[in-house]
Structure formats: structure tokens, C-alpha cells
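Descriptive structure summary
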Amino acid sequence: MQELEERIQAEGTVKAGDVLKVDAFLNHQCDVRLFDHMGAAWAEHFAGKTITKILTIEASGIGIACCAARHFGDVPVVFAKKAQSINLDGDQYTTTVYSFTKQKEFPVIVSKKYLNPGDHVLLIDDFLANGKALRGLIELCGKAGATVEGIGIAVEKGFQGGGDSLRAEGYDVDSLAIVESMDPETGKIEFRH
Ligand code: 5GP
């Protein structure tokens, strides 16, 4: 998606440790017009698939998922919550996710009320790096008996391989910008096309 690539080039900054900061429009300040265009792009890619729900993970996935939902017939958006601890009373699906940015594992939960066996789910997230966050969401869908229809990502860091592994397993991953390389010294960012 050219508009997103241009914004990354103009406003993104490359940090040490393979971190791309796009706080100006995605991870702190939110450009909802851009989010709307991202939702339209995913709707075009996943046209023809039945989507009954969008599942994302707090916090940065929520805004883009809500804008995307407007392009998928206003389906409900559910966000997996990052919990302090797992409560085992049985009313929620749980897993653990290793956080790329925080470099630690944390529990993630979704209430059984909001993810069901009949659901056809589109997973949405802001970044795809090694794929741990998505693996957690896929596991939650598996526990609920829901079907993962596709994965919509704003920015994939292609050089970290998470997206390619998921594609190799048959998941339909639509990343709107795929960063092929980025250099914290020069700030140079190159995209895959
Ligand atoms: P993964 O689980 O695929 O390794 O990493 C994806 C998650 O980590 C995303 O949910 C995102 O919040 C965070 N993340 C990974 N890489 C970056 C990055 O370069 N920049 C930002 N802002 N977040 C990232």
C-alpha cells in the first residue's frame, strides 16, 4: 500500500534492536483516515471470504481493527487482553505470548462469550515480526473452535520471518507494507514488492 509506505518513509524512525517506530500515525497518535484506507485495502484483499468477527490484541491493534470493521459489514471487534495472571475459573480462553518489544512473556485472554465455534475470524495487528502475537491469537481461535480466515497486518518486518512461516503454513497474510531491510545507522528503509 503506497500511502502507508510513504508515511513510514516520511515519519518512521529505525531504532536499534530491529524496532521501527511509527508513533506519529499508528502507535501513539492515530491517523484515522489512514486507518480507514487500510481497512478498505484489507476488505479488497479478503473480498469473498465470510468474516464474522475481527480479533486483535491490545493496545495498538484496536484502532486499526475498529476502522477495518466498518469495511467488513460492521462485524464485532474483539481484542485479546494482556492479563497480569491467568484466572483459571474457566470462563476465558488463555495463552501466553512473548512480546518482541517488551522482551518477556505475558498471559493473554479472551472471554468465552466473545469467541465461538461458528466464528470466521480475521486477525488484525499493527506489526508482524517473529509472529508470536499472531500465534497466540491463532491458538485462542483454536481453543474456541473458531476458523481463522485470514490475517491483516499494517507493517510486516519481512526480514524477521514470522509472515513467511505463516504463509508457508497456508495462512492468507495480507501485510500492507513489508519492510525488507532497515538500518538504524542511516535510517534507510527498503520495502518488499
Ligand atoms: P511478533 O509477535 O510478530 O514478534 O511481534 C509483533 C508484536 O510486537 C506487535 O503486536 C507489535 O505490537 C510489536 N512489534 C514488533 N515489532 C515492532 C516494531 O518494530 N515496532 C513496533 N512499534 N511494534 C513492534
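Heads up: these notes are all about the structure in this document.

Further remarks concern the pairing of strand β5 (residues 92-99). With six of its eight residues buried, β5 lies for the most part within the structure. Looking at chain direction, β5 and strand β6 (residues 104-111) are connected through eight bridges and run antiparallel. Counterpart to Y93 in the pairing with β6 is V110. Hairpin connection, β5 to β6: the antiparallel pair is bridged by four residues, and Q103 has positive phi, about 55°.

Within the largest apolar cluster, 33 residues are counted, with the highest numbers of intra-cluster contacts made by I8 and L20. Counting residues per element, the ones that place at least two in this core are α1 (2-11), α2 (23-27), α3 (32-45), α4 (60-69), β7 (120-128), β8 (147-157), β9 (173-182) and β10 (189-191).

Not every one of the 16 residues close to the ligand is listed here, only the nearest: L20, D125, G131, A133 and K157. L20 is positioned such that a nitrogen or oxygen atom in its backbone is 2.8 Å from a nitrogen atom of the ligand. Within the contact set of the ligand, a nitrogen atom lies 3.2 Å away from a side-chain nitrogen or oxygen of N27. When isolated, the ligand has an accessible area of 500 Å², and the protein chains bury 89% of it. Contributing elements (two or more residues each) for the shell around the ligand: β2 (19-21), β7 and α5 (132-144). Per-element accounting of the shell around the ligand gives the leading share, four residues, to β7.

So, on to the pairing of strand β3 (residues 53-57). Regular strands place side chains that alternate from one sheet face to the opposite one. Along β3, five of the five residues are buried, which leaves the element largely enclosed by surrounding structure. Both faces of β3 are covered, namely the face carrying K53, L55 and I57 and the face carrying I54 and T56. Pairing of β3 with β7 involves three bridges; the strand directions are parallel. When the sheet's bridge partners are listed, K53 is paired in β7 with V121. Pairing of β3 with strand β4 (residues 77-82), which is carried by four bridges, proceeds in the parallel orientation. Among the inter-strand pairings, L55 is bridged to a residue of β4, identified as V78. For the handedness criterion, the β-α-β arrangement of β3, α4 and β4 is classed as right-handed.

Strand order in the open sheet formed by eight strands is β5-β6-β4-β3-β7-β8-β9-β10, and the pairing between neighbours is mixed. If you trace the sheet from one side to the other, it starts and ends with β5 and β10, each paired once. Looking at each pair of strands side by side, their axes are set apart by 30° on average, direction ignored. Where β8 and β9 come together, six bridges link them in parallel fashion. What sits directly across from K157, in β9, is V179. Across the sheet, α3 is in contact with β7, β8 and β9; its angle to β9 comes to roughly 115°.

The rules behind the values
- Residues numbered from 1 in each chain as written.
- Predicted model: local features only at pLDDT ≥ 70, side-chain atom pairs only at ≥ 80, totals over all residues.
- Heavy atoms only, no water.
- Buried < 20%, exposed > 50% of the residue type's maximum accessible area, 1.4 Å probe, protein only.
- Helix = DSSP H or I, 4+ residues; strand = E, 2+ residues; numbered from the N terminus.
- Pairing = 2+ DSSP bridges.
- Core = buried A, V, L, I, M, F, W, Y, C linked by side-chain atoms within 4.5 Å.
- Near = heavy atom within 4 Å.
- Polar contact = N/O pair within 3.5 Å; in protein donor to acceptor, adjacent residues only side chain to side chain.
- Areas by Shrake-Rupley, 256 points an atom, 1.4 Å probe, with all protein chains shown as cover.
- Right-handed = clockwise from strand over helix to strand, strands pointing away.
- Axes fitted to C-alpha atoms, helices over the stretch in contact; angles between N-to-C directions.
- Contact = heavy atoms within 4.5 Å.

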